[in-house]
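# Structural overview for review
Each chain, written out:
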Amino acid sequence: MKKYVSIKGGGTAVDFETAILDGFAVDGGLYVPETLPKISKQQLQQWKNLSYVDLAFEILSLFMDRSIVSAAELRQILSTAYAPFTKKSIIPLHKLQSREDTYIMELFHGPTLSFKDVGLAFLVNLVNFFLVRKSQRLTLIVATTGDTGPAAAYFSAGKSNLDTWVLYPKEMITAEQEQQMTHLQHANIHPVAVSNCVDGGDDLDAVISKLYADTEFKEKLNLSSVNSINWGRIMMQTVHYFFGYLQVTDNVDEKVSFSVPSGGFGNLCAGAIAREMGLPINNLIAANNKNACLNRIFQRGVFSKAPLANTVSSAIDILLPINFWRYLYFKVDGDSHKIKSWMEQFQATGKVQFDSETVRRYQAGFQAYSASDQQTLSVINDIYHREGYLLDPHSAVALQASDALAITQSRQASAEKLICLATAHPAKFPEIIRRALKSQQLPEAAIHHSIETAKVHCQKVYLCEYKNLQGALMHAMLENWELNVTK
């Protein structure tokens, strides 16, 4: 049976279902499979012409036992998950005219217009599948910097076995992202707007960690999460790296590079794991904004926290890339003692300086760049006026990073292709698009009917000050739980 273990080494190995439903491991660590499956070139060739859903079936099947999720059940979950997506291909790729062999992978054609739909469509439906089978109810709690929250809320809405609490830093996300959560009137969806979060989503993650540490509270509410701490998110996100690679290559001997806008390292972690599994990825570009948490790790070998900067690419305004620990676990050959020691050192001192051998290992195949707001806005403007193609501010960070690192020039000699991940629809950021294009008139590509519809609906939301959040949230969650239990 396929087993999952904590990167910190605590507890015992668990099965796939337990890892998914628990979210965090019992010792507070992140779950990973005991061993990663390896993909051969022959398998890649066999997958060359598969649809996204059929490819997902093949890859996900490698991580779960048929005794836990049968082939028919997995196909049904995938079919249900991706039915709301508006493109037949699920994830189309757009080839840029102004960059040699450069593609934009459009991950935003799900119902809430961000790449989080791709992972959460499957994960929330998988969690619900397990709960229905066990006749159990689960409380999901997620923190969001703008995109996870809407996706978690959408896919949880109306599911009687799920109660979903979505925390977001008030005024640090766009009104459009907020309305995607607050317009939902389903009784099991609870958006919580938190004021005065100095460190944004990182502050919210800290409170969620405290709720998890309260064993009595966690067990009473059957608490879990579908943030990227959940292995299911990372596992599902490996699929779009395989899919993108197979779409743009002529044969499976080619290598491809990916540029990924990143803050929490979840999407990049999935890419790194896909490479560990055997996908021929040359470089993974960690495209940061001014917060530069990944730059410090990859350029200076330092895991540290700095004051939060509010940027135009707000969904990656994150200080602590928690999934880096998951990636690092594989780069130190599964040495959980090292991971636990480093995590404890960071908890105690706020900083870890990695040794040179560790840095050498995890740097291999990675590059990092920090884009300024002005660079981000300029890239949006440039691509729109050159090609009539509109990037959102996060996709622009990815393209700016690849340009600045001269990846385009270095690829030309080897004819290597580059895929930049477009993680959100421009309609979620109208004011930023106006700034970038220097026009109050939004182009059609910056408008989406679902965003406009959400604006005219009633908004439902809890309001809370950060200083009161832990106690106030526990009170609200317990009251809601009791009401549902006594129904």
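Look up a bit, the structure's there.
Now for a description of the structure that goes with this document. Please read all numbers here as calculations on a predicted model, not as lab measurements.

### Side note on the overall build of the protein
Within the protein, the regular secondary structure consists of 21 helices and 15 strands. Projecting the C-alpha coordinates of the protein onto the three principal axes gives extents of approximately 65 × 55 × 50 Å. Across the 487 residues that make up the protein, the buried fraction comes to 62%. For the protein, the proportion of contacts with a sequence separation of at least 24, taken over those separated by at least 6, is 76%. Accessible surface, the protein as shown: approximately 18,400 Å² in total, 49% of it carbon and sulfur. One finds the centroid of the 46 positive side-chain charges in the protein at a distance of 2 Å from the centroid of its 47 negative side-chain charges.

### Structural notes on the side chain of Gln-177
Looking at the secondary structure, you find Gln-177 in helix H7 (residues 175–182). Looking at Gln-177, its side chain comes within polar contact range of the side chain of Asp-147, at 3.2 Å.

### Considerations on unusual backbone geometry
Not every positive phi belongs to a glycine, and Asn-196 is a case in point at roughly 60°. Its location among the elements puts Asn-196 in the loop between strand S7 (189–195) and helix H8 (201–213). In this model, Asp-333 sits at a positive phi of 60°, which is unusual for a non-glycine residue. Assignment of secondary structure puts Asp-333 in the loop between helix H13 (323–331) and helix H14 (336–349).

### Observations regarding the pairing of strand S6 (residues 162–169)
The buried fraction of S6 is high, at eight of eight residues. Side chains of S6 alternate between two faces, with Leu-162, Thr-164, Val-166 and Tyr-168 and Asp-163, Trp-165, Leu-167 and Pro-169 buried alike. Since strand S5 (residues 138–143) and S6 lie parallel, the crossover through helix H6 (residues 148–156) that links them has a hand, and here it is right-handed. The pairing of S6 with S7 spans six bridges and is classified as parallel.

### Some thoughts on the sheet that holds S5
Spatial strand order, S8-S5-S6-S7-S15: five strands in an open sheet with parallel pairing. Both edges of this open sheet fall to strand S8 (223–224) and strand S15 (462–465), since each of them pairs with a single strand only. The strands touched by H6 within the sheet are S5, S6 and S7, with S6 carrying the most contacts at an inclination of about 165°.

### Concerning the side chain of Asn-283
You can see Asn-283 is positioned in strand S10 (residues 281–288). Asn-283 gets classed as buried once you look at its relative accessible area, which sits at 17%. Setting aside residues no more than four positions away along its own chain, Asn-283 makes contact with Val-256, Ser-257, Phe-258, Arg-275, Gly-365, Phe-366 and Gln-367.

### A short note on helix H5 (residues 116–134)
The end-to-end C-alpha separation of H5 is 26 Å, in line with the 27 Å expected for 19 residues at 1.5 Å each. Most of H5 sits out of view: 16 of its 19 residues are buried.

Criteria and thresholds
- Residues numbered from 1 in each chain as written.
- Predicted model: local features only at pLDDT ≥ 70, side-chain atom pairs only at ≥ 80, totals over all residues.
- Heavy atoms only, no water.
- Helix = DSSP H or I, 4+ residues; strand = E, 2+ residues; numbered from the N terminus.
- Buried < 20%, exposed > 50% of the residue type's maximum accessible area, 1.4 Å probe, protein only.
- Contact = heavy atoms within 4.5 Å.
- Areas by Shrake-Rupley, 256 points an atom, 1.4 Å probe, with all protein chains shown as cover.
- Lys, Arg positive; Asp, Glu negative; His and termini not counted.
- Charge placed at Lys NZ, Arg CZ, Asp CG, Glu CD.
- Polar contact = N/O pair within 3.5 Å; in protein donor to acceptor, adjacent residues only side chain to side chain.
- Right-handed = clockwise from strand over helix to strand, strands pointing away.
- Pairing = 2+ DSSP bridges.
- Axes fitted to C-alpha atoms, helices over the stretch in contact; angles between N-to-C directions.
- Expected span 1.5 Å × (residues − 1).

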